[in-house]
Amino acid sequence: MESSGTRQAATEARKAQIAAAAIAVLAERGYAETTFDSICERAGLSSKRLISYHFSTKDQLFEAVVRQVVTDAAAFMRPAIEAASGARAQLEAFIRANVAFIAAHPAHVRAVQQIAFNRTPVGGGERDAAIGRLAALFEDGRRTGAFRAFDSVLMAMALRAAIDAVADGVAGGLDPDRCATELVDLFDRATAKTPSPS
């Protein structure tokens, strides 16, 4: 007899399979052509009922896609951030790891962009949590004297917006290392206790 833990693991694996297929279809075909039928075909499922069993609407599925992208990005970035010592180094690690994730996972970025361009709001909870984590990093830097005094939430929003804007440039062929270096320099100057020499 199948245990509840085994059933739960199978359910989560199926949801992850469906979300991965949805990411691929969104990235390749766009929002309008991302249907349960096209996702079913991409995932190799025998029936779209296997999708609707877990996600009754496209909105539920797209929320799961955003959560999956956030989870994948966090897992990709965590080692670099945890290896950094001090707020300034963590800020640099965050920026470089985030841009590296964008370069390494263009389908994830395109999928979220397709959802964002065609559906409002998108990933509100995940986005708020991401801003909160960045604001906490900035607050820690202010508390320890690594950063000057500023509004941590506003700075977090500005950094998130800057990285989101860079995603299009990286997708268009800009060098991700150069983009990351420019962002690191920009936010290093923005948070520095004393003005950087020109």
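These figures come from a predicted structure and were not determined experimentally.

Peer 1: Summarise the packing of aromatic side chains; cite the residues concerned and give the values.
Peer 2: Tallying each qualifying case throughout the model produces five aromatic pairs. Consider the rings of Tyr-31 and Phe-62, whose centres lie 5.2 Å apart with planes at 45°: the pair is tilted. Within this pair, whereas Tyr-31 is found in the loop between α1 (4-29) and α2 (36-43), its partner Phe-62 is found in helix α4 (residues 58-83), the two being separated by 31 residues in sequence. We note that Tyr-31, like Phe-62, is buried. Ring centres 5.5 Å apart and planes at 70° place the aromatic pair Phe-76 and Phe-101 in the edge-to-face group. Of the two residues, Phe-76 is situated in helix α4 and Phe-101 in helix α5 (residues 87-104); the sequence distance between them amounts to 25 residues. Cluster of aromatic residues (ring-pair linked, three or more members): Phe-138, Phe-147 and Phe-150. Stacked on the ring of Tyr-31, the Lys or Arg Lys-58 has its end atom at 5.0 Å from the ring centre.

Peer 1: Report on the nonpolar core, specifying residues and quantitative values.
Peer 2: Within the largest apolar cluster, 31 residues are counted, with the highest numbers of intra-cluster contacts made by Leu-91, Ile-95, Phe-138, Leu-159, Leu-183 and Phe-187. Broken down by secondary-structure element, the contributors of at least two residues to this core are α4, α5, α7 (124-143), α8 (152-171) and α9 (176-191). Discounting residues that sit within four places of it in the chain, Phe-187 has contacts with Leu-91, Ile-95, Met-155, Ala-158, Leu-159 and Ala-162. The next biggest cluster of nonpolar side chains, apart from the first, holds 22 residues, and it includes Leu-26, Tyr-31, Ile-51 and Phe-62.

Peer 1: Describe the environment of Ala-111, with residues and values.
Peer 2: Turning to its location among the elements, Ala-111 is positioned in helix α6 (residues 106-118). Along the backbone, Ala-111 and Gly-30 are 81 residues apart, and their C-alpha atoms lie at a distance of 7.8 Å. Setting aside anything within four residues of it in sequence, one finds Ala-111 in contact with Ile-23 and Leu-26.

Peer 1: Give me the lowdown on the packing of α4 against α5, citing residues and values where you can.
Peer 2: Orientation of α4 relative to α5, taken along the N-to-C sense of each, is 135°, at an axis distance of 9 Å. If you check the angle between α4 and α5, you find them oblique. Both α4 and α5 take part in a crossing whose hand is right-handed. On α5, the residues touching Val-69, Asp-72, Ala-73, Phe-76, Met-77, Ala-80 and Ile-81 of α4 are Gln-90, Ala-93, Phe-94, Ala-97, Asn-98, Ala-100, Phe-101 and Ala-104. Considered class by class, the residues forming the contact of α4 with α5 number 12 nonpolar, two polar and one charged.

Peer 1: Account for the layout of surface pockets, with residues named and values stated.
Peer 2: What the largest pocket holds in volume is close to 1000 Å³. Lining of the largest pocket is provided by 33 residues; of these, Val-70, Ala-73, Asn-98, Ala-130 and Arg-160 occupy positions nearest its centre. Every element with two or more residues in the lining of the largest pocket is listed here: α4, α5, α6, α7 and α8. Looking at which element gives the most residues to the lining of the largest pocket, the answer is α4, with 10 residues. Across the lining of the largest pocket, the residue classes tally to 19 nonpolar, six polar and eight charged. Together, Glu-12, Lys-15, Ala-16, Ala-19, Phe-55, Ala-64, Arg-67, Gln-68 and Thr-71 line the second largest pocket. Only α1 and α4 provide two or more residues apiece to the lining of the second largest pocket. Class assignment for the residues of the lining of the second largest pocket results in four nonpolar, two polar and three charged.

The rules we used
Residues numbered from 1 in each chain as written. Predicted model: local features only at pLDDT ≥ 70, side-chain atom pairs only at ≥ 80, totals over all residues. Heavy atoms only, no water. Phe/Tyr/Trp six-rings, centres within 6.5 Å; stacked < 30°, edge-to-face > 60°. Helix = DSSP H or I, 4+ residues; strand = E, 2+ residues; numbered from the N terminus. Buried < 20%, exposed > 50% of the residue type's maximum accessible area, 1.4 Å probe, protein only. Lys NZ or Arg CZ within 6 Å of the ring centre and 35° of its normal. Core = buried A, V, L, I, M, F, W, Y, C linked by side-chain atoms within 4.5 Å. Contact = heavy atoms within 4.5 Å. Axes fitted to C-alpha atoms, helices over the stretch in contact; angles between N-to-C directions. Parallel < 35°, antiparallel > 145°, perpendicular 65-115°, else oblique. Left-handed = near helix turned anticlockwise from the far one by under 90°. Nonpolar A, V, L, I, M, F, W, Y, C, P; charged D, E, K, R; others polar. 1 Å grid on protein atoms, 1.4 Å probe; cavity = no way out; pocket = protein on both sides within 12 Å on 5 of 7 lines; lining within 4 Å. Points joined across faces, edges and corners; volume = space filled by probe spheres on them.

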